[in-house]
Structure formats: structure tokens, C-alpha cells
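# Residue-level structural notes
Each chain, written out:
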Amino acid sequence: MNHFFIYIDVKYFKGVFINMFCKISITSAICAAALFTGCSDDSSSGTPVTAGMDEAGWREQCLEIINEYRATENLKPVALADEEKQKCADEQSAADLKSNKAHGHFKECGEWAQNSGPNASMANGRKAADVAKYYLDMMWGEKKLVESGERDLDKDEDYPYIGHYKNMRGDYTKVACGIAVSEDGTTGWFNVNFY
């Protein structure tokens, strides 16, 4: 096992994950990235990956959650992008899972923005809809930093702290919800592409 050090960006503050620098080993970094979703000692980057999940209606549930949040700010609802873009989001999620890199294949599906939910634990039969809800709730939760005045939607330097929220409330008309799962069924990767 390689022991070298990297910096990661994870800090829990007032119900929201924000940036903080920590010095840890690469194995711990992989686990830290999955801290809030479950963790394994080995990365799935060498594990075969399956794009998509055979779960009826989960994309519609993903869309419904996004639109419920948008409605709280009187924003227009978004629609699901076409099937080709949904499939592309699945394949993009698989590529990100395999490389273990969030946004590693950003824009390959022609999206203008992307929210990524890496290394989701799929333990105990966790479904795609569960993963989508978990990550979308957490992403919208970044709004607390704006409401508290700690971050500003109009400041580019605040994007790393509130970017998921900003994307979900953005002036988009369509979304593609994608997921991939490691072949052993233990780890998932969730992406939402905005068009």
C-alpha cells in the first residue's frame, strides 16, 4: 500500500460539508471522501463497474426531489433530459467511480453544470433513489451557508462551498440523473448533470 500524503477538503460545519485541509494517507483520503456514505479499505477504482441500475422510477424520484427544492424558492421546475443524456450520465458516473475522481468526466455529456455524489455505500440493499435523496438533501443543505450570510451566491470564491446548491437552483431546464455501481455491489457513484 502506498503511503503518501494529500490534502482533502472536508469539514462539517452547521449541518454542511465545507472545505478544510487535512494531511492524511491516500487510503484514509479515499475513506474520508466516503465518510458520510460508508467506507471500505480498498478503492473501487480497480473493480469493474456497471453503469446504471435496474430500478424503475428512480430518475423520476431524483427529478421530483430537485423540483421540490426549487419550488421552495419559487423557481421553475426542470424536466428530465432525454434518454441518451440519462444513459450518458450513467456511463459518466461509471467512469468517475472507476477513476475515483469527482467531476473527472465533466462535460462529456454536454452538461453545463454537474453535482457529484462519490463513493456511496450500497450496503444493505441501498437503492439508487436512496442515494439520490441522500446526496440531493446534502447538496441543497449548502443553502444554510448562504442564509447565515457566511457565503454569497454572487461571489465566485464561495462556489466551492455552495456550488451544489447553486447548481440545483440554477437557470437550467433539464437534468440527467446518473448512477453506477461497482460489480461487487458495495459502492455507487451518483451524478446529476444540468442542461
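Note: the structure precedes this text.
Note that the structure is predicted; figures quoted are calculated from it, not measured.

In the structure shown here, the tally under the stated rule is two disulfides. Shown here is the disulfide that connects Cys 62 with Cys 177, its sulfur atoms set 2.1 Å apart. Between Cys 62 and Cys 177, the S-S torsion sits near -80°, and that sign places the bridge as left-handed. With Cys 62 in helix 2 (residues 58–71) and Cys 177 in strand 6 (residues 174–182), this pair connects stretches of sequence that are 115 residues apart. By relative accessible area, Cys 177 is classed as buried at 0%. Looking at the chain, its bonded cysteines, counted consecutively from the start of the sequence, adopt the pairing 1-4, 2-3.

Spanning 13 residues, helix 4 (residues 128–140) covers 18 Å between terminal C-alpha atoms, matching the ideal 18 Å at 1.5 Å per step. Among all positions of helix 4, only Ala 128, Ala 129, Val 131, Ala 132, Tyr 135, Leu 136, Met 139 and Trp 140 are buried. All buried residues of helix 4 fall inside an arc of 155° around its axis, so they share one side.

What the rule picks out here adds up to six salt bridges. Measuring nitrogen to oxygen at the nearest pair gives 3.0 Å for the salt bridge that ties Lys 143 to Glu 73. Taken together, the positions of Lys 143 in helix 5 (residues 143–147) and Glu 73 in the loop between helix 2 and strand 4 (79–80) put the pair 70 residues apart, joining distant regions of the chain. The same class applies to Lys 143 and to Glu 73, which are both buried. A salt bridge links Asp 158 to Arg 151, with the nearest nitrogen and oxygen atoms 2.9 Å apart. Its relative accessible area of 24% is what places Arg 151 among the partly exposed residues. Here the residues in one salt-bridge network are Glu 73, Lys 143, Glu 147 and Arg 169, joined through shared partners.

So, on to the environment of Pro 118. Relative to the helices and strands, Pro 118 is located in strand 5 (residues 113–121). Residue classification places Pro 118 among the buried positions, given a relative accessible area of 15%. Considered as a pair, Pro 118 and Ala 102 are 16 residues apart in the sequence and their alpha carbons are 6.4 Å apart.

A word on the pairing of strand 7 (residues 187–194). In terms of burial, strand 7 is largely enclosed, as eight of its eight residues are buried. Taking every second residue as pointing to the same face, both faces of strand 7 are buried, with Thr 187, Trp 189, Asn 191 and Asn 193 on one and Gly 188, Phe 190, Val 192 and Phe 194 on the other. When strand 5 meets strand 7, the two strands line up antiparallel, connected through seven bridges. The partner of Ala 113 across the bridge, within strand 7, is Phe 194. By the bridge criterion, seven bridges tie strand 6 to strand 7 in an arrangement that is antiparallel. Note that in strand 7 the partner of Val 181 across the bridge is Gly 188. Adjacent in sequence and paired antiparallel, strand 6 and strand 7 are bridged by four residues, among which Gly 185 carries a positive phi angle near 75°.

Parameters at a glance
- Residues numbered from 1 in each chain as written.
- Predicted model: local features only at pLDDT ≥ 70, side-chain atom pairs only at ≥ 80, totals over all residues.
- Heavy atoms only, no water.
- Disulfide = S-S within 2.5 Å.
- Helix = DSSP H or I, 4+ residues; strand = E, 2+ residues; numbered from the N terminus.
- Buried < 20%, exposed > 50% of the residue type's maximum accessible area, 1.4 Å probe, protein only.
- Expected span 1.5 Å × (residues − 1).
- Arc of directions from axis to C-beta.
- Salt bridge = Lys/Arg side-chain N within 4 Å of Asp/Glu carboxyl O.
- Pairing = 2+ DSSP bridges.

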